[in-house]
Amino acid sequence: MHFHPADGSLGEETYDGLLALLAEMTPVVEAVPPDAALMDVRGASRYFGHPPAELAVLLRVRALARYGADCTVGIAANPTLARMVARDGPPGAVRALPAPDAVAAFLARKPVAALPGVGPATARALCAYGLDSVGRVAEAPLPTLERILGSAAGRRVHERARGIDPTPVTPDARARSMGAEHRFATDELDPGHRRRALLALADGLGARLRGSGQVAQGLKLTVRYADGSSSTRAKSFAEPTAHSPDLIAAAYALHAALALQRARVRSVALRAERLRDGHAAAHQLSFDPADEKARRVEAVVDRARALFGPGVVGPAAALDVARDVA
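Residues numbered from 1 in each chain as written. Predicted model: local features only at pLDDT ≥ 70, side-chain atom pairs only at ≥ 80, totals over all residues. Heavy atoms only, no water.

**Some remarks on the environment of Thr241**
Tracing the backbone through its elements, the reader meets Thr241 in strand β8 (residues 230-241). For the pair Thr241 and Gln214, spaced 27 residues apart in sequence, the C-alpha to C-alpha distance is 8.3 Å. Residues within four places of Thr241 in sequence aside, it is in contact with Leu209, Val215, Ala216, Asp246 and Leu247. (Helix = DSSP H or I, 4+ residues; strand = E, 2+ residues; numbered from the N terminus. Contact = heavy atoms within 4.5 Å.)

**Points about the nonpolar core**
The biggest cluster of nonpolar side chains holds 31 residues, and the ones touching the most others in it are Leu209, Leu219, Val223, Val265, Val268 and Leu270. Setting aside residues no more than four positions away along its own chain, Val268 makes contact with Ala180, Glu181, His182, Phe184, Ala197, Leu198, Leu201, Thr222 and Val223. (Core = buried A, V, L, I, M, F, W, Y, C linked by side-chain atoms within 4.5 Å. Buried < 20%, exposed > 50% of the residue type's maximum accessible area, 1.4 Å probe, protein only.)

**A look at the environment of Glu30**
Here Glu30 is to be found in strand β2 (residues 29-32). At a separation of 2.9 Å, a polar atom in the side chain of Glu30 contacts the main-chain amide nitrogen of Thr170. (Polar contact = N/O pair within 3.5 Å; in protein donor to acceptor, adjacent residues only side chain to side chain.)

**With respect to the pattern of salt bridges**
Across all of its chains, the model carries 11 salt bridges by this definition. Among the ionic pairs, Asp187 bridges to Arg266, the shortest N-O distance being 2.6 Å. Taken together, the residues span a long stretch of sequence, with Asp187 in strand β6 (residues 177-188) and Arg266 in strand β9 (residues 265-273) at a distance of 79 residues. Here the salt bridges share partners, and the residues they tie into one network are Asp35, Glu181, Arg183 and Arg224. (Salt bridge = Lys/Arg side-chain N within 4 Å of Asp/Glu carboxyl O.)

**Focus on the packing of aromatic side chains**
Per the stated rule, a full pass over the model turns up 2 aromatic pairs. Ring centres of Tyr47 and Phe48 lie 5.0 Å apart, and the angle between their planes is 90°; on these two criteria the pair is classed as edge-to-face. On the accessibility criterion, Phe48 (39% relative accessible area) is partly exposed. The ring of Phe106 is capped by Lys110, whose NZ or CZ atom sits 4.6 Å from the centre of that ring. In this arrangement the basic side chain of Arg195 is found over the ring face of Tyr252, its NZ or CZ atom lying 3.7 Å from the centre. (Phe/Tyr/Trp six-rings, centres within 6.5 Å; stacked < 30°, edge-to-face > 60°. Lys NZ or Arg CZ within 6 Å of the ring centre and 35° of its normal.)

**A closer look at the packing of helix α6 (residues 120-127) against helix α8 (residues 142-149)**
Orientation of α6 relative to α8, taken along the N-to-C sense of each, is 125°, at an axis distance of 10 Å. Compared by their axis directions, α6 and α8 come out oblique. Our pair here, α6 against α8, has a crossing hand that is right-handed. Residues Thr122, Ala125 and Leu126 of α6 lie in contact with α8, whose contacting residues are Leu145, Ile148 and Leu149. Residues belonging to the contact of α6 with α8 are distributed by class as follows: 5 nonpolar, 1 polar and no charged. (Axes fitted to C-alpha atoms, helices over the stretch in contact; angles between N-to-C directions. Parallel < 35°, antiparallel > 145°, perpendicular 65-115°, else oblique. Left-handed = near helix turned anticlockwise from the far one by under 90°. Nonpolar A, V, L, I, M, F, W, Y, C, P; charged D, E, K, R; others polar.)

**Here's the deal with unusual backbone geometry**
Positive phi is not limited to glycine here, since Ala259 has a value of about 55°. By relative accessible area, which is 35% here, Ala259 ends up partly exposed. Despite not being glycine, Arg274 has its phi angle at roughly 55°, a positive value. You can call Arg274 partly exposed: its relative accessible area is 34%.

**Quick look at the side chain of Glu181**
Structurally, Glu181 can be placed in strand β6. Looking at Glu181, its side chain comes within polar contact range of the side chain of Arg183, at 3.3 Å. A polar contact of 3.3 Å, which involves the side chain of Glu181, links it to the side chain of Ser267.

**Points about helix α3 (residues 52-67)**
Here α3 is 16 residues long and its end C-alpha atoms lie 22 Å apart, about the 22 Å a rise of 1.5 Å per residue gives. When we look at burial in α3, the residues that qualify are Leu55, Ala56, Leu59 and Ala63. When α3 is viewed along its axis, its buried side chains cluster within an angular range of 100° and face the same direction. Positive phi shows up at Gly68, right after α3, with a value of about 65°. (Expected span 1.5 Å × (residues − 1). Arc of directions from axis to C-beta.)

Have a look at this one:
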C-alpha cells in the first residue's frame, strides 16, 4: 500500500497515524518508509468475512477521511508482488494479482529496476549483460546471476524475478524508530544537493533523539527515484548514538555506497532504528578534544533550539533545505 497525501508531503506524525489505522484491521503491519506499508490480511479476511479487495476499499476511505491521504493498494500472494502491483496503479486504485498463472505475464516486460531491492547499481550490472527486463532475469540460469551479483543477491533476484518471495510481513515496533524525509521540488541529479538534504535530515534526527532522551543503534537510508523504485541501505553503530556528527557521517556513507551517478532522485529519507533509552546506554569516553568540543557545542545548540525554535541554528549548508524536511 502506497500513501498519497493531498499536500504531497507525508510527515512522520501522519505516517504513524496511517500505520495505526491499518493496525485496526490487522496486527500484521510492516512499515515501508517513507510512504508505504505491507499488510497480511489473511486472518482479517476470515475474521471480517470480506475479501482483501473489499477491505482495501474500506481502508482507503478511512485514510482519506482521517488524514486526507489517498492510497494505492496492491493485492498479491507475497510482499514483492504486492509492492509491484501497487506501484503500477494511480492514487485510489485497488489492483489485484490473484491468479498464479498471471504472475509471469505481469512481470515479464517490466524493467529490472522495478523489482524491489534492485537499485541502480544492481540494475546497471544486470543490464551490462543484457538482462534489462524482469522476464530476461527470470530466464537466466541461477549460476549466471550468482556470478554477476554474488551468491546471496543473485539467488534473491532470481527468485523475485519469478514472483517468489518467502519473506513474511513482519510487524515492526514503530516506537523503536524515528524518521524524516526530504522530497525534492524536481527530480534531483546533483549529489551535492542530495548530501545537503541528508545533512539537514541527520542533524534534525540527532536533535529529536537527544530531545526525547533516546539513542539509535542503527540508521537506514531510503532513496526513492523518479520511476517510483527505491533503494535502501542500513548501518549499525558500534555503540548507540544520538550525536549528530555520527548520524551525518553514517548518512553520507550509506549514500556513497549506493554509487548513484545519473539517477533521478525524487526523495531521500533517514530512519534512526532500534532506539534505546539514552540514559541507560553506555558511552565510550574519548580523549579526542575535538570530539568533546563538538558535544559541548551540540548541547548549546540544543538549548538554543529549545528556547527559540528548531530553525534558529543549524549547519550552514543545510539551512536552505531544512525548512522542506518532513
